[in-house]
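Understanding the architecture of this molecule
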Amino acid sequence: MKVDIFDFELPQALIALRPAEPRDSCRLLVVHGDGRLEHRTFHDIVDYLRPPDIMLLNDTRVLPARLRGWRQGGTGTAKVEILLHRRLGADRFEAMARPLKRLKPGDVVHLGQTLAARIGQKRADGLVEIIFDLTGPELDVAIAAQGEMPLPPYIAGKRKADSRDRADYQTVYAVHDGSVAAPTAGLHFTPALLDGLAGQGVEQARATLHVGLGTFLPVKADDTDAHHMHSEWGELPDRTASQLNAARQAGGRVIAVGTTSLRLLESAAAGDGAVAPWQGETSIFITPGYRFRATGALLTNFHLPRSSLFMLVSALMGLDTMRAAYAAAIREKYHFYSYGDACLLLPWHEKS
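Figured I'd write up the structure that's included with this text. (Residues numbered from 1 in each chain as written. Predicted model: local features only at pLDDT ≥ 70, side-chain atom pairs only at ≥ 80, totals over all residues. Heavy atoms only, no water.)

**Examining the overall build of the protein chain**
Helix and strand counts for the protein chain stand at 8 helices and 17 strands. What you see for the protein chain is a C-alpha radius of gyration of 21 Å, in line with the 20 Å of a compact globule of 352 residues. With the C-alpha coordinates aligned to their principal axes, the bounding extent of the protein chain is approximately 70 × 45 × 40 Å. Residue burial in the protein chain is summarised as follows: out of 352 residues, 55% are buried. Of the contacts formed within the protein chain by residues at least 6 apart in sequence, a portion of 72% connects residues at least 24 apart. (Helix = DSSP H or I, 4+ residues; strand = E, 2+ residues; numbered from the N terminus. Rg over C-alpha atoms; globule rule 2.2 N^0.38 Å. Buried < 20%, exposed > 50% of the residue type's maximum accessible area, 1.4 Å probe, protein only. Contact = heavy atoms within 4.5 Å.)

In structure tokens form, the structure reads like this:
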């Protein structure tokens with residue numbers, strides 16, 4: 001499938017640099033299976049969910065994964081930037097590093113005032129092993145103190161991360177450290193809104209998918225068959241599988257909160273839609289023609305052109321429907337990407 005059919009023009013002014021305040025005051029575009037569109041506010045999501053529907057939330061926490069410093073032996077201008085990607089052990093991470101060509105295995109880099117690390121093995125895909133001088137909880141504390149929130153390039157290129165991003169770029173239900181990007185659909189929820197949905201009988205289930213570096217990047221290949229998805233680690237526990245299966249058996253929809261939740265859900269589901277406990281790496285790549293197993297609806301943000309995420313929403317709703325929805329969102333000046341507005345996709349079996 002040609003990648004250019006997933007391209008579209010987006011005015012730069014529509015890329016959100018800060019989230020709405022309060023979180024649930026952002027706009028919500030509701031896209032129905034017949035192509036009908038509704039323009040609402042995010043807290044109106046309560047009008048579209050009812051028992052026995054169940055929401056699947058990704059409870060990963062974003063690491064302050066961007067570290068800046070200098071290479072030992074260099075001058076004060078020999079700057080180094082490290083973006084942690086995946087933990088390999090108690091004292092080491094897989095990471096992106098700049099300037100990679102000037103860094104050699106064995107080089108020591110100082111990251112902030114208290115943290116040092118050694119450059120390990122370089123990989124063919126451009127990632128490198130970073131071995132820290134601290135380990136375990138001590139390393140976690142140092143990264144939290146010295147690191148910056150890893151805002152996506154389309155935000156970081158326009159402003160620096162600051163103290164506000166420590167809260168803004170984290171869902172209110174984040175628990176498990178491990179992501180280098182937020183599961184952004186969940187950023188719109190407030191504790192009060194979650195309590196309100198629970199009060200009206202909409203159950204909430206939790207799973208964890210640690211979001212990696214490749215999630216939000218455009219697909220550079222000309223054809224989807226040539227695209228390689230980065231793998232990401234996830235876990236869908238026993239209790240969550242039981243909750244999801246019970247809701248589906250009662251006639252409810254599984255509402256995936258974010259494409260990360262959907263990818264984990266579809267990785268754990270059998271052909272008949274039954275969900276089993278699951279743990280491991282997933283590199284599932286969903287494009288039009290994919291037969292969804294367990295997903296009943298999707299809450300998501302607005303995605304980059306040519307991205308695997310725009311392909312995913314097009315697979316769920318149909319490419320023509322999503323192109324029309326995005327065109328309407330651009331006309332109506334919705335805000336796009338991580339800090340932008342939300343989109344509720346309701347493909348099948350909608351309830352009156």
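**What to know about the pattern of salt bridges**
One pass over the structure, following the stated rule, counts 22 salt bridges. For the salt bridge of Asp-165 with Arg-159, the shortest nitrogen-to-oxygen distance reads 2.9 Å. Residue Arg-159 is classed as buried on the basis of its relative accessible area, which comes to 14%. A single network of salt bridges, built from pairs that share partners, joins Arg-66, Arg-68, Glu-81, Arg-98 and Glu-148. (Salt bridge = Lys/Arg side-chain N within 4 Å of Asp/Glu carboxyl O.)

**As for the nonpolar core**
If you look at the biggest cluster of nonpolar residues, it comprises 47 residues, and the most contacted ones within it are Tyr-169, Phe-336 and Leu-345. Within the residue set of this core, elements represented by two or more residues are strand S1 (27–32), helix H2 (153–156), helix H7 (308–317), helix H8 (319–331) and strand S17 (342–346). Broken down by element, this core gets its largest block of residues, 7 residues, from H7. Residues in contact with Tyr-169, not counting those within four places in the same chain, are Val-62, Met-149, Pro-150, Leu-151, Pro-152, Ala-181, Ala-182, Leu-187, Ser-338 and Tyr-339. In terms of nonpolar packing, the next biggest core, distinct from the first, is built from 25 residues, Leu-63, Leu-103, Leu-111 and Phe-132 among them. (Core = buried A, V, L, I, M, F, W, Y, C linked by side-chain atoms within 4.5 Å.)

**Examining the packing of aromatic side chains**
Tallied over the entire structure, the rule returns 14 aromatic pairs. Between Phe-302 and Tyr-326, the aromatic rings sit 5.3 Å apart at their centres with planes inclined by 65 degrees, giving edge-to-face as the arrangement. Of this pair, Phe-302 sits in the loop between strand S16 (297–301) and H7 while Tyr-326 sits in helix H8, and the two are 24 residues apart along the sequence. Residue class for Tyr-326 comes out buried when judged on its relative accessible area of 2%. For the pair Tyr-326 and Phe-336, a centre-to-centre distance of 5.7 Å together with 85 degrees between the ring planes defines the contact as edge-to-face. On the criterion of sequence distance, the pair formed by Tyr-326 in helix H8 and Phe-336 in the loop between H8 and S17 is long-range, its members being 10 residues apart. Judged on exposure class, the residue Tyr-326 and its partner Phe-336 are both buried. An aromatic cluster of three or more residues is present, and its members are Phe-6, Phe-8, Tyr-154, Phe-302, Phe-310, Tyr-326, Tyr-334, Phe-336 and Tyr-337. Arg-27 extends its terminal NZ or CZ atom over the ring of Tyr-334, reaching a point 3.9 Å from the ring centre. (Phe/Tyr/Trp six-rings, centres within 6.5 Å; stacked < 30°, edge-to-face > 60°. Lys NZ or Arg CZ within 6 Å of the ring centre and 35° of its normal.)

**Some words on the side chain of Arg-159**
Take Arg-159: it is sitting in the loop between H2 and helix H3 (163–168). Within the local environment of Arg-159, its side chain forms a polar contact with the backbone oxygen of Leu-17, the two atoms lying 2.9 Å apart. (Polar contact = N/O pair within 3.5 Å; in protein donor to acceptor, adjacent residues only side chain to side chain.)

**Considering the sheet that holds strand S8 (residues 108–111)**
The strand order around the closed barrel built from 6 strands is S5-S6-S7-S10-S9-S8, with neighbouring strands paired in antiparallel fashion. Strand-to-strand twist in this sheet, taken as the mean axis angle between neighbours without regard to direction, amounts to 45 degrees. (Pairing = 2+ DSSP bridges. Axes fitted to C-alpha atoms, helices over the stretch in contact; angles between N-to-C directions.)

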